[in-house]
Amino acid sequence: MGPGVVVTGLTLGALAVVSLLAFQASGAQERAGGARPSASVSASSSGPVASATPTASATPTVPALPATSGTGLRVVYSVGSHHVWLVDPKKNPQVVAAYAVTPGSVEPAPGSYPVYSRTPTTTGTDGRQIEHVVRFAQQNGVVFGFSAAVDGATPTADPKTKTGGIRSSRQDGQLLWDFAPNGTKVVVIA
């Protein structure tokens, strides 16, 4: 064997060991609750490159848009999974945003409702400053709408108080605010 074959063999062996160690380290960090790192090692500018880049995401998975969500431009809210989908059939993909929300203490009845009122900022029934309030229904004296707390909090609603505020993060609240002017269809599903 020539010296080039030995060097290439040693380089490939070293890259395999580094890749294995990077993979093991990412698994140990994931089990400890941390983010998974990526490692990339280059032997030389013209040599082979080994890469250990795990692709797990720390972001919770949003369920696929339910088939029973209606048609057309709409906001879909699932009472069962507490997720929201913003759907525009003219876009590809049609679901332009999807995210988890925290419901109020009372849920709206399944059905289709138009957005009838919007308020940039106000105080919620829980006393928190809220923004991007998009109201779509009133039932038995409870007003239902989407909003985001200015402080970013999404606490569980007090079951002793009838509230219909469906809270999201501020970023998601901005997305819905921009997507749903008055008259936009909101489809509530079980």
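This text follows the structure it describes.
A brief structural summary. (Residues numbered from 1 in each chain as written. Predicted model: local features only at pLDDT ≥ 70, side-chain atom pairs only at ≥ 80, totals over all residues. Heavy atoms only, no water.)

**Observations regarding the overall build of the chain**
Piece 1. A tally of helices and strands in the chain yields two helices and eleven strands.
Piece 2. The N-to-C order of helical and strand elements in the chain reads α-β-β-β-β-β-β-β-β-β-β-α-β.
Piece 3. Taking all 190 residues of the chain together, 34% fall into the buried category.
Piece 4. Across the chain, the fraction of contacts at a sequence separation of at least 24, relative to all contacts at a separation of at least 6, is 49%.
Piece 5. Accessible surface computed for the chain: about 10,800 Å², of which carbon and sulfur atoms make up 58%. (Helix = DSSP H or I, 4+ residues; strand = E, 2+ residues; numbered from the N terminus. Buried < 20%, exposed > 50% of the residue type's maximum accessible area, 1.4 Å probe, protein only. Contact = heavy atoms within 4.5 Å. Areas by Shrake-Rupley, 256 points an atom, 1.4 Å probe, with all protein chains shown as cover.)

**Remarks on unusual backbone geometry**
Piece 1. Cis geometry is found at the peptide bond from Asn 92 to Pro 93, where omega equals 5 degrees.
Piece 2. With respect to the helices and strands, Pro 93 occurs in the loop between β4 (83-87) and β5 (95-100).
Piece 3. In the Ramachandran plot, His 82 falls in the positive-phi region, its phi being about 55 degrees despite a non-glycine side chain.
Piece 4. Residue position: His 82 is located in the loop between β3 (74-78) and β4.
Piece 5. Despite not being glycine, Asn 140 has its phi angle at roughly 50 degrees, a positive value.
Piece 6. Its location among the elements puts Asn 140 in the loop between β8 (129-139) and β9 (142-149).
Piece 7. A residue is classified by how much of its surface remains accessible, and Asn 140, at 78% relative accessible area, is exposed.

**Some points on the pattern of salt bridges**
Piece 1. In total, this model carries four salt bridges according to the counting rule given.
Piece 2. Here Arg 128 and Asp 151 are joined by a salt bridge, their closest N and O atoms 2.7 Å apart. Residue Arg 128 is found in the loop between β7 (117-123) and β8, and its partner Asp 151 is found in the loop between β9 and β10 (164-168); the two are separated by 23 residues along the sequence.
Piece 3. The exposure class of Asp 151 is exposed, given its relative accessible area of 54%.
Piece 4. Glu 131 is paired through a salt bridge with Arg 170; the nearest N and O atoms lie 2.6 Å apart. With Glu 131 in strand β8 and Arg 170 in helix α2 (residues 170-179), this residue pair connects regions lying 39 residues apart in the sequence.
Piece 5. Assessed through its relative accessible area of 39%, Arg 170 is described here as partly exposed.
Piece 6. Three or more residues joined by partner-sharing salt bridges are found here, namely Asp 126, Arg 128, Asp 151 and Arg 167. (Salt bridge = Lys/Arg side-chain N within 4 Å of Asp/Glu carboxyl O.)

**Describing the sheet that holds β8**
Piece 1. Overall, mixed pairing links the four strands, which are arranged β7-β8-β9-β10 in an open sheet. The two strands at the open ends of the sheet, each matched to only one other strand, are β7 and β10. Across the sheet, the axes of successive neighbouring strands diverge by a mean angle of 30 degrees, strand direction being ignored.
Piece 2. Bridge count for β9 against β10 is five bridges, and the pairing is parallel. Across the sheet, the residue bridging to Ala 148 is Ser 168, located in β10.
Piece 3. Contacting β7, β8, β9 and β10, α2 crosses the sheet at an angle of about 55 degrees to β8. (Pairing = 2+ DSSP bridges. Axes fitted to C-alpha atoms, helices over the stretch in contact; angles between N-to-C directions.)

**Considering the nonpolar core**
Piece 1. Ranked by size, the top nonpolar core spans 22 residues in total, and within it Val 75, Val 84, Phe 136, Phe 146 and Leu 176 carry the most contacts.
Piece 2. For this core, the secondary-structure elements that each account for two or more residues are β3, β4, β5, β8, β9, α2 and β11 (185-189).
Piece 3. Ignoring any residue separated from it by four or fewer positions in sequence, one finds Phe 136 in contact with Pro 108, Tyr 113, Pro 114, Val 115, Tyr 116, Phe 144, Gly 145, Phe 146, Ile 166, Val 186 and Val 188.
Piece 4. Val 76, Val 87, Val 187 and Ile 189 belong to the second largest nonpolar core, which has five residues in total. (Core = buried A, V, L, I, M, F, W, Y, C linked by side-chain atoms within 4.5 Å.)

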